[in-house]
Structure formats: C-alpha cells, structure tokens
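In case you want the letters, here they are:
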Amino acid sequence: METIQGCITVVVPVYNGENYLRATIKAILNSAYRKIEVLLVDDGSTDKSGDICMKFAKEDQRVRYIRQKNGGIVAARNKGLALAKGEYICFCDQDDLTDCKMYYEILQKMKAENAQIGLCSTGQLLNGEKIPYEHVVDAVYNEEEIKENLLFPLLFRGYNYSYAESGNYIYGTVWKCIFRREFLDLHKMKFRKFIDYEDDWIFVTEAFSYAKCVVTCSISGYYWRINKSSKSHKKTFIEDIIGKMEVYDSYVYAFLADCIIDKVILKEYSRVSLCEHFVDLYRNEASIKDLKKKKVYRRAVSEYLRKKDYKTQLKCRMHLRKSAFRRRLVYGSLIYLGIGITFYTSRAVDILEGGMSNIKCLILLDRKAKKV
C-alpha cells in the first residue's frame, strides 16, 4: 500500500464503544497536527458504534471505517497496521482521550532526530478529570541508551536494580507511542497474543529492542479512561494459562537474548518474569465459579510453583519497590503462609484494589510512590 509522506495514521480498534467513542474520535481530529488519518477498525460491534464511525467517515475525509468479524483487539490492531497509509503509525483505544498537542510535539521531535519511535507521558481520566500518571523526561536516546533508559525500566518496572534506574517510569502500553512505518515493516512487527493481556507489552518491548533512536516528550499527551465496563477490568478465566505462559516466555526470551548482551541482566529478567507469572496465576483463579474446576486449577498451580522452585525464584522480591503493592503481598504470602493461603491473600488484594481504583487521592499517591 502506498505510503502518504508526513501523514500519521491513528488506528482505533472499536468494539461496542458507543458511550465514549465520539469524544475519542473528536479529540484525535482536533489534533494540532493536521495531516492525519483516523482508521476506525470495527471488530464486529453490536451496538451503535458502527453508525458513529460511518458518520465521522462521511463528514471528514481524514476518517476511514473498516468493519471485520469479531477477532479481538489484536486482530483489529493488526488489520489497522496492514491498511494504514501514514508514514507514521500510532494507536488509540476507543474510550481514551489525546491532547491536541500530542502528535505534533512527538512528530516534530521524531523528524528532527530521525527517530524510529517517539513517546510521551500519560495520565488517567477519572470522572472527566485528567490526572497525570506515567512520566517520561524530554530526551533523545540512541543504541545502548535505549536499553538503559527505556527497555530496562520497562522490563524491571516495580523493582530496584542498578541497571534499571532512570528518570522514566515505563509501562508497556502502545498508545503513548508513535512508530515510523518503515521501522515496523523492516522488523515485520505485528501484535501477538499468547496469553490474554500481553500484546501491548510485547509490541513495545520488541520495538525498544530493535530501535536505534527513540525520542521522549514529557508532555502528558494521552489519557486512558478508568472504565469499569471495559474488557481490561473484566475478569475472564484464561484456559491453559501455564502452557501459554511458557510459549510467551520462549518468544520474549528469544528477541531479548539478541539485544541484551549481559547474561546476568537477562537471567534476572527471566526470574522477575517468572515471579510476575506467579501473581497472574493467582489472579486467574478468582474468575473460576465451578468448585471442581477451581480445585483442579489450584492443584495445577501448586505443581507449577513447586516445579519452578518458587521460593528460590522469589529472591527477586528483595528488589521490589514499596509501591509494588500486589506483588509484595502475594510474594510475602507465598514465602510465609504457603501456596494454599495465598489464593485467599490474592482475592483480598483484588477486593482492595477494586475499591481504590476510583479514588483520586489514592491514584495520586500511587503515582507519587511509583515515580522514580
């Protein structure tokens, strides 16, 4: 497909998003950077989302509407990647908001430095109020600097390691980033789904691993909505999660091994990643309703933890920051209370975090605690 020079394609996966979709599209179209293509990929919506998308496509020639059978957000994003016409590509979720200066500020810096990736700070949108959250400093990173200031802080987020100290606190979210299309094509990049929640993280991590120049802008350009009805807030049991984790680990380790020469760092990341899996295994249990199925799942998790020598792996917990609330409680429970009791500990943390997620002062305290 022919590329439109200087144009940025914003891919918006759409699925039953009628409540906030209009505001999201309007915010993108209101961008100070005018050479823009908004690619709305409707993933089989059953509400009025399709009508909303078609209306915008008719009223503004910068908007394109694509509809496909429901295949999930990974399929929708990959469809957007395949059909995008812009020289630059980025992504926006259907219920979030972009600042009018976001694309302009990042692209100006990318062009000046000939960067392959640009990204900005982000915030949360709570009851219509914008609250700053994730922070990156204004900078230009090349080669090894990308690992030190972006990749390692992402891999070891929530842990204190000397090689992950940075002025940036990095989440693996794709929507704060703009990518040069040529760069994505060169490395045949696309979104991959091994478990159910890691597609953003893999895409961003892989991009940092390949990149030669990345620029960061401190502007809070993207605000993600705290929406209890969104898919990310709904607990759905993941079948065969242990097997999926092993495939996921194999894929991630392969591309990280090519860019991380220091085997000590790579080994420590593998340990941290494994311990993160422990937390996810406990969270996955909370969505099981059938008691027999719950019993079988708990037995499988117990066998997995023992097989992985979980107490030895959990030595990395000594590097955890105080702000890593869930991990500290789950790891501590595993060490001192055992595998069985930790199922109840994890459930209690679920309830507590659910009550905290809509309280502004607690969000601000969380941000302050996490900021490096």
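A. Representation of the overall build of the protein chain. Scanning the protein chain for helices and strands turns up 14 helices and 10 strands. Over its C-alpha atoms the protein chain spans a radius of gyration of 21 Å, differing by no more than 12% from the 21 Å that the globule rule assigns to 372 residues. Seen along its three principal axes, the alpha-carbon backbone of the protein chain occupies a region of about 60 × 45 × 40 Å. Counting every position in the protein chain, which comprises 372 residues, the buried fraction comes to 55%. Carbon and sulfur atoms make up 52% of the accessible area of the protein chain, which amounts to about 17,300 Å² in all. Treating the 62 positive side-chain charges of the protein chain as one cloud and the 47 negative ones as another, the clouds have centres 5 Å apart.

B. Geometry of the packing of aromatic side chains. Evaluation of the coordinates by the stated rule reveals 22 aromatic pairs. Ring centres of Phe152 and Tyr163 lie 6.2 Å apart, and the angle between their planes is 75°; this geometry places the pair in the edge-to-face category. In this pair, Phe152 sits in helix H5 (residues 144-155) while Tyr163 sits in the loop between H5 and strand E9 (177-180), placing the two residues 11 residues apart along the sequence. When its relative accessible area of 22% is taken as the criterion, Tyr163 is described as partly exposed. Ring centres of Phe194 and Tyr251 lie 5.3 Å apart, and the angle between their planes is 40°; this geometry places the pair in the tilted category. In this pair, Phe194 sits in the loop between helix H6 (181-186) and helix H7 (199-210) while Tyr251 sits in helix H8 (residues 241-259), placing the two residues 57 residues apart along the sequence. Judged by relative accessible area, Phe194 falls into the buried class, the value being 19%. According to the relative accessible area criterion, Tyr251 is partly exposed, its value standing at 21%. Chaining the aromatic ring pairs together yields one cluster made of Phe152, Phe156, Tyr159, Tyr161, Tyr163, Trp201, Tyr248 and Tyr269. Of note, Arg77 hangs over the ring of Phe191, and the distance from its end group to the ring centre comes to 5.2 Å. Lying across the ring of Phe343, Arg298 places its NZ or CZ 4.7 Å from the centre.

C. Main features of the nonpolar core. Counting residues in hydrophobic clusters, the biggest one holds 79 residues, and the most contacted among them are Ile117, Leu155, Phe156, Phe179, Phe208, Leu256 and Phe278. Sorting elements by how many residues they give to this core places helix H9 (residues 263-285) first, with 10 residues. Apart from residues lying up to four places away in sequence, Phe179 is in contact with Glu87, Tyr88, Ile89, Phe91, Met110, Gln116, Ile117, Val174, Leu184, Phe203 and Ala207.

D. The pattern of salt bridges, seen in detail. Taken as a whole and judged by the stated rule, the model has 21 salt bridges. Between Asp138 and Lys109 there is a salt bridge; the shortest N-O distance is 4.0 Å. With Asp138 in the loop between strand E7 (129-132) and strand E8 (139-142) and Lys109 in helix H4 (residues 102-113), this pair connects stretches of sequence that are 29 residues apart. Two residues, Arg327 and Glu276, come together in a salt bridge whose shortest N-O distance is 3.2 Å. Of this pair, Arg327 sits in helix H12 (residues 325-336) while Glu276 sits in helix H9; the two residues are 51 residues apart in sequence, bridging distant segments of the chain. Look at the salt bridges and you will find they share partners, linking Arg77, Asp93, Asp199 and Asp200 into a network.

E. Broad picture of the packing of H5 against H7. H7 packs onto H5 with a crossing angle of 155° between their chain directions and a minimal axis gap of 10 Å. As judged from the angle between their axes, H5 and H7 are roughly antiparallel. Both H5 and H7 take part in a crossing whose hand is left-handed. Between H5 and H7, the residues in contact are Ile146, Leu150, Leu151, Leu154 and Leu155 and Trp201, Val204, Thr205, Phe208 and Ser209, respectively.

So, how was this worked out
- Residues numbered from 1 in each chain as written.
- Predicted model: local features only at pLDDT ≥ 70, side-chain atom pairs only at ≥ 80, totals over all residues.
- Heavy atoms only, no water.
- Helix = DSSP H or I, 4+ residues; strand = E, 2+ residues; numbered from the N terminus.
- Rg over C-alpha atoms; globule rule 2.2 N^0.38 Å.
- Buried < 20%, exposed > 50% of the residue type's maximum accessible area, 1.4 Å probe, protein only.
- Areas by Shrake-Rupley, 256 points an atom, 1.4 Å probe, with all protein chains shown as cover.
- Lys, Arg positive; Asp, Glu negative; His and termini not counted.
- Charge placed at Lys NZ, Arg CZ, Asp CG, Glu CD.
- Phe/Tyr/Trp six-rings, centres within 6.5 Å; stacked < 30°, edge-to-face > 60°.
- Lys NZ or Arg CZ within 6 Å of the ring centre and 35° of its normal.
- Core = buried A, V, L, I, M, F, W, Y, C linked by side-chain atoms within 4.5 Å.
- Contact = heavy atoms within 4.5 Å.
- Salt bridge = Lys/Arg side-chain N within 4 Å of Asp/Glu carboxyl O.
- Axes fitted to C-alpha atoms, helices over the stretch in contact; angles between N-to-C directions.
- Parallel < 35°, antiparallel > 145°, perpendicular 65-115°, else oblique.
- Left-handed = near helix turned anticlockwise from the far one by under 90°.

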